[in-house]
Amino acid sequence: MTTAPWRDPALPAAARVDDLLSRMTLEEKTAQLYGVWVGATTDGDEVAPLQREMTAEYDWDELITHGLGQLTRPFGTAPVDPALGAQALARAQRRIAEAGRFGIPAIAHEECLAGFTAWRATAYPVPLAWGATFDPALVEEMARRIGHDLRSVGVHQGLAPVLDVVRDPRWGRVEETIGEDPYLVGTVAAAYVRGLESTGIIATLKHFAGYASSAGARNLAPVRAGIREFADVTLPPFELALREGGARSVMAAYTDTDGVPASADPALLTELLREQWGFTGTVVADYFGVGFLQTLHRVAGTEAEAAHAALAAGIDVELPTLKCYGKPLLEAVRTGAVPESLIDRAARRVLLQKCELGLLDEDWEPEPTGPVNLDSAANRALARRLAEKSVVLLDNPDGLLPLAPDTRIAVVGPRAADALAMLGCYSFPSHVLPHHPEVPTGIDIPTLLDSLRAELPDAKVTFAEGCGVSDPDTSGFEEAVARTAEADVCVAVLGDRAGLFGRGTSGEGCDATDLRLPGAQAELLDTLVGTGVPVVLVLLTGRPYALGRWDGRLAAVVQAFFPGEEGGPAVAGVLSGRVNPSGRLPVSVPRVPGGQPWTYLQPPLGLRVEVSNLDPTPLYPFGHGHSYTDFVWEDFTGGAEPAELGTDGSYDVSLTVRNAGERPGAEVVQLYLHDPVASVTRPDVRLIGYQRLELAPGEASRVTFRFHTDLSAFTDRSGRRVVEPGALELRLAASSANVRHTARLRLTGPDRVLGPDRRLRCGTEVSGVA
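If you're wondering where the values come from, they're calculated on a predicted model, not measured in any experiment.

Chemist: I would appreciate a short explanation of the overall build of the protein chain in the present structure.
Modeler: Within the protein chain, the secondary structure is distributed over 21 helices and 27 strands. Relative to the 2.2 N^0.38 estimate, which gives 27 Å for 770 residues, the radius of gyration of the protein chain is 26 Å and therefore close to what a compact globule would have. Overall, the C-alpha framework of the protein chain stretches about 80 × 70 × 50 Å when taken along its three principal axes. By residue count, 63% of the 770 residues in the protein chain fall in the buried class. Intrachain contacts of the protein chain at a sequence separation of at least 6 include 79% that bridge at least 24 residues. Of the roughly 27000 Å² of accessible surface on the protein chain, a fraction of 49% belongs to carbon and sulfur atoms. Within the protein chain, the 100 negative side-chain charges are centred at a point lying 2 Å from the centre of the 70 positive side-chain charges.

Laid out in structure tokens, this is it:
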């Protein structure tokens, strides 16, 4: 029996795919360019934007005779036992393979933003919590576990991570981001991509590009970012994740920038992504993004025109289900309105990816090979470590924390006794289970109230809810005050409820008008503070909220960004002192709820100035966080006079950090760049490096940052990325506003224009000190 060349694993993938394409009909090639969302309904609440309006009808048996590109969320659409779901997916894949002439299965994709979005799968902390750890290695370890779980049930592609840089914290999807700084976002996201891709799962970068810069922080609103903001803030995380992480897929954003939707922008999806950056993977549409070119953006008059615009721009696969790339596209190709070469281009990319995954091999088998456990003890232990490292101690002025083990504690607030307070909107219990109220959560999620009682068994702990998350009802205040009056300390647990499209206070489509605490929570906190009992504020949120109203009035403030299924024990461990807090803010915490948007990446006129009565200075700056131990920074290498180097030079800065306290802890040394004079306005400071140091009592480590002038580059007036001669400052700091040491530099020589191969990361070296 002669094996066709496209089946021969000894041949190069390109040769195999070229042979296969030459044998396929137009219908068979086009079938590789869309997904099918089995189980998606056209009634009830959506889990994707405008799902009811955009879901198309199709005949499954007829459809798969031509093959199928993707299967959408076989585990993330409705509750399914993971082991049974893996068997059902294998059966579906066999049917797809048997129905078509070539026996090619589909790529199955799932959401995996904060863990595999499936019933009974581990719910890890949200990406904003990853940013708070400043620990890419730990995030990479988590991604490997997520990838292993995806593979164990037959999934090939994960729709994560999110690389959007926060530009306005009122945006509902802030919880899905890693923070407000592109260097932090890029380095942490690249680690996630490395971990996921190391298991063979295709990582999908989203949302490319500009989604988080939507006007007014409204979901899907137009983006009005300038070319320099786009080039210097929005794009660098994607470059890092592609170059260092090796991501094999990119998802186009819903938004339009300066009138051009990302899904119909060849300058973005082809010229920049492929021709300049050298990306060779697949570009997929965000859910219904191709159809939105017709229905929302109105840059296409028909479904066929939308398909043409997206395909020509560079979108290879329409997700989540066929709408435009099915019959409308086929008919447009047959009439000559769309060149078949665009079909061939996209199909080739899809089939190359399937070849890499082994889906074109004759010995392909869809059945899982081992036991399925998506919430193993090892997963939970890792979720606990990540949650513990992400908790940020914002304030502890008089050292009330850690709590005394035998104290009287009144736990008050709407987030204290609700397990869902720990989870973001893309966790399965928050994302899907609200549509299935009869189904149990499927995983154990200790509440903070239960966790605190377990953590401090000798304490007397009472509880009152006080109020709801988002309603204005204050009838519960009386009981909250009574419980607080009986206690030595009140732990006020406030925050968000994750949801979708207005069904929560945080999450996709849950944008905020301002940064006041939702509902009656601010009034509840005022009432608790008014009792005179010391109040420890614990925030379980998906975004930062303005806290200036209580500055100087609280005994302590603890911030946790949806810390996952082990978040209750993690936060309780910080309150008890079992855990030494080491998280640092990935987003600034504002003083006042209005005057937004604001992030720390501001040029001089974006900071406090005399010409405006509004002061945007945050209450707690980016990178801020306290510990229960003390660290000494010493032996800094920077000299008194500026060091001179060329515009293509490098310079090392070093210092020693010593744990001067009596307990183990972690310090995060942050390196910022200050550019005093440039040809365009620049952020006053911006992060260009960081290093997390775990130190035992008395232990010291020396950290060296290897700065290269590429890291000072920016986009000039002509759109070139340049390194300019002149003065620079390298600032070693504990936050963007807490500078400990400064090294002054003077760059000499001509302007230097950089290409896409420029250095993106500041190297670091850590060594022990006797």
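Chemist: Please explain the packing of helix 7 (residues 136-152) against helix 16 (residues 377-390) as it appears in this structure.
Modeler: To describe two helices that pack against each other, one gives the angle between their axes and the distance between the axes. Viewed as axis vectors pointing N to C, helix 7 and helix 16 meet at an angle of 150°, and their least axial separation amounts to 11 Å. Our classification of the angle between helix 7 and helix 16 gives roughly antiparallel. In the packing of helix 7 onto helix 16, the handedness of the crossing is left-handed. In this structure, helix 7 contributes Leu-138, Val-139, Glu-141, Met-142, Arg-145 and Asp-149 to the contact, and helix 16 contributes Ala-378, Asn-379, Leu-382, Arg-385, Leu-386 and Lys-389. A class-by-class count of the residues in the contact of helix 7 with helix 16 yields six nonpolar, one polar and five charged.

Chemist: I tried to follow the environment of Ser-654 on my own but got confused; where do I start?
Modeler: Within the secondary structure, Ser-654 is located in strand 18 (residues 650-659). A relative accessible area of 9% means that Ser-654 is categorised as buried. Other than its neighbours up to four places away in sequence, Ser-654 contacts Asp-635, Phe-636, Thr-637, Arg-702, Val-703 and Thr-704. A polar contact of 2.7 Å, which involves the side chain of Ser-654, links it to the side chain of Thr-704.

Chemist: Is there a simple way to think about the side chain of Thr-407 in this case?
Modeler: Mapping Thr-407 onto the fold places it in the loop between strand 10 (392-395) and strand 11 (408-412). A relative accessible area of 11% places Thr-407 in the buried class. Within the structure, Thr-407 has its side chain in polar contact with the side chain of Asp-488 (distance 3.3 Å). With residues near it in sequence (within four places) discarded, Thr-407 still touches Ala-459, Lys-460, Asp-488 and Val-489.

Chemist: What am I meant to see in the sheet that holds strand 23 (residues 721-723) here?
Modeler: Adjacent strands of a sheet form backbone hydrogen bonds with each other and so pair up, either parallel or antiparallel. With antiparallel pairing, three strands are arranged side by side in an open sheet as 22-23-26. Single-partner strands in this sheet number two, and they are strand 22 (714-715) and strand 26 (752-753).

Chemist: Just checking my understanding: could you explain helix 13 (residues 303-313) for this structure?
Modeler: Along an α-helix, residues three or four apart share an orientation, since each turn contains 3.6 residues. Where helix 13 is concerned, the buried positions are Ala-306, Ala-307, Ala-310, Leu-311 and Ala-313. Take helix 13 and look down its axis: the buried residues cluster within an arc of 165°, on one side only. In the core, the buried residues of helix 13 are packed alongside helix 11 (266-276), helix 12 (289-295), helix 14 (327-334) and helix 15 (340-356). Looking one or two residues beyond helix 13, the residue adopting positive phi is Gly-314, at roughly 130°.

Chemist: What am I meant to see in the sheet that holds strand 5 (residues 202-208) here?
Modeler: Taken together, seven strands build an open sheet; the order of strands is 1-2-3-4-5-6-9 and the sheet is parallel. Looking at which strands have only one partner, the edges of the open sheet turn out to be strand 1 (35-36) and strand 9 (282-285). Inspection of the sheet shows strand 3 (residues 107-111) paired to strand 4 (residues 157-159) by three bridges, in the parallel sense. Within strand 4, the position partnered with Glu-111 by the bridge is Leu-159.

Chemist: Please explain the nonpolar core as it appears in this structure.
Modeler: Taken as a class, soluble globular proteins show a tendency for nonpolar side chains to be buried jointly. By size, the foremost hydrophobic cluster in this structure holds 205 residues, and its most contacted members are Tyr-192, Phe-208, Tyr-325, Leu-547 and Leu-730. When sequence neighbours within four positions are dropped, the list of residues in contact with Leu-547 reads Leu-394, Leu-537, Leu-539, Val-557, Val-589, Pro-590, Arg-591, Leu-619 and Tyr-620. One finds Ala-416, Ile-445, Leu-448 and Ala-555 within the second-largest nonpolar core, a separate group that totals 35 residues.

Chemist: Just to check I follow, could you spell out the pattern of salt bridges for this structure?
Modeler: Oppositely charged side chains can pair when the atoms bearing their charge come close. Enumeration over the complete set of coordinates arrives at 56 salt bridges. Here Glu-303 makes a salt bridge to Lys-323, at a shortest N to O gap of 3.7 Å. Of this pair, Glu-303 sits in helix 13 while Lys-323 sits in the loop between helix 13 and helix 14, and the two are 20 residues apart along the sequence. Since its relative accessible area comes to 27%, Glu-303 is described here as partly exposed. The closest approach of N and O atoms between Glu-694 and Lys-389, which form a salt bridge, is 3.2 Å.

Chemist: Quick question: what am I supposed to make of unusual backbone geometry here?
Modeler: Looking along the chain, the bond that leaves Ala-160 and enters Pro-161 is cis, with omega of 5°. Structurally, Pro-161 is set in the loop between strand 4 and helix 8 (182-197). The omega torsion across Lys-206 and His-207 is 5°, close enough to zero to call that bond cis. Looking at where His-207 falls in the secondary structure, it is placed in strand 5. Positive phi, close to 60°, is recorded for Arg-298, a residue that is not glycine. By the element assignment, Arg-298 lies in the loop between helix 12 and helix 13. Given the relative accessible area of 70%, Arg-298 is considered exposed. Notably, Asp-635 is not glycine yet its phi reads approximately 55°, a positive angle. On the secondary structure map, Asp-635 appears in the loop between strand 16 (631-634) and strand 17 (643-646).

Chemist: So what exactly am I meant to see when it comes to the side chain of Thr-709 here?
Modeler: Considering the arrangement of structural elements, one finds Thr-709 in the loop between strand 21 (700-708) and strand 22. A residue is classified by how much of its surface remains accessible, and Thr-709, at 0% relative accessible area, is buried. Not counting chain neighbours up to four residues away, the residues in contact with Thr-709 comprise Leu-645, Gly-646, Thr-647, Asp-648, Gly-649, Val-723, Leu-747 and Arg-752.

The rules we used
- Residues numbered from 1 in each chain as written.
- Predicted model: local features only at pLDDT ≥ 70, side-chain atom pairs only at ≥ 80, totals over all residues.
- Heavy atoms only, no water.
- Helix = DSSP H or I, 4+ residues; strand = E, 2+ residues; numbered from the N terminus.
- Rg over C-alpha atoms; globule rule 2.2 N^0.38 Å.
- Buried < 20%, exposed > 50% of the residue type's maximum accessible area, 1.4 Å probe, protein only.
- Contact = heavy atoms within 4.5 Å.
- Areas by Shrake-Rupley, 256 points an atom, 1.4 Å probe, with all protein chains shown as cover.
- Lys, Arg positive; Asp, Glu negative; His and termini not counted.
- Charge placed at Lys NZ, Arg CZ, Asp CG, Glu CD.
- Axes fitted to C-alpha atoms, helices over the stretch in contact; angles between N-to-C directions.
- Parallel < 35°, antiparallel > 145°, perpendicular 65-115°, else oblique.
- Left-handed = near helix turned anticlockwise from the far one by under 90°.
- Nonpolar A, V, L, I, M, F, W, Y, C, P; charged D, E, K, R; others polar.
- Polar contact = N/O pair within 3.5 Å; in protein donor to acceptor, adjacent residues only side chain to side chain.
- Pairing = 2+ DSSP bridges.
- Arc of directions from axis to C-beta.
- Core = buried A, V, L, I, M, F, W, Y, C linked by side-chain atoms within 4.5 Å.
- Salt bridge = Lys/Arg side-chain N within 4 Å of Asp/Glu carboxyl O.

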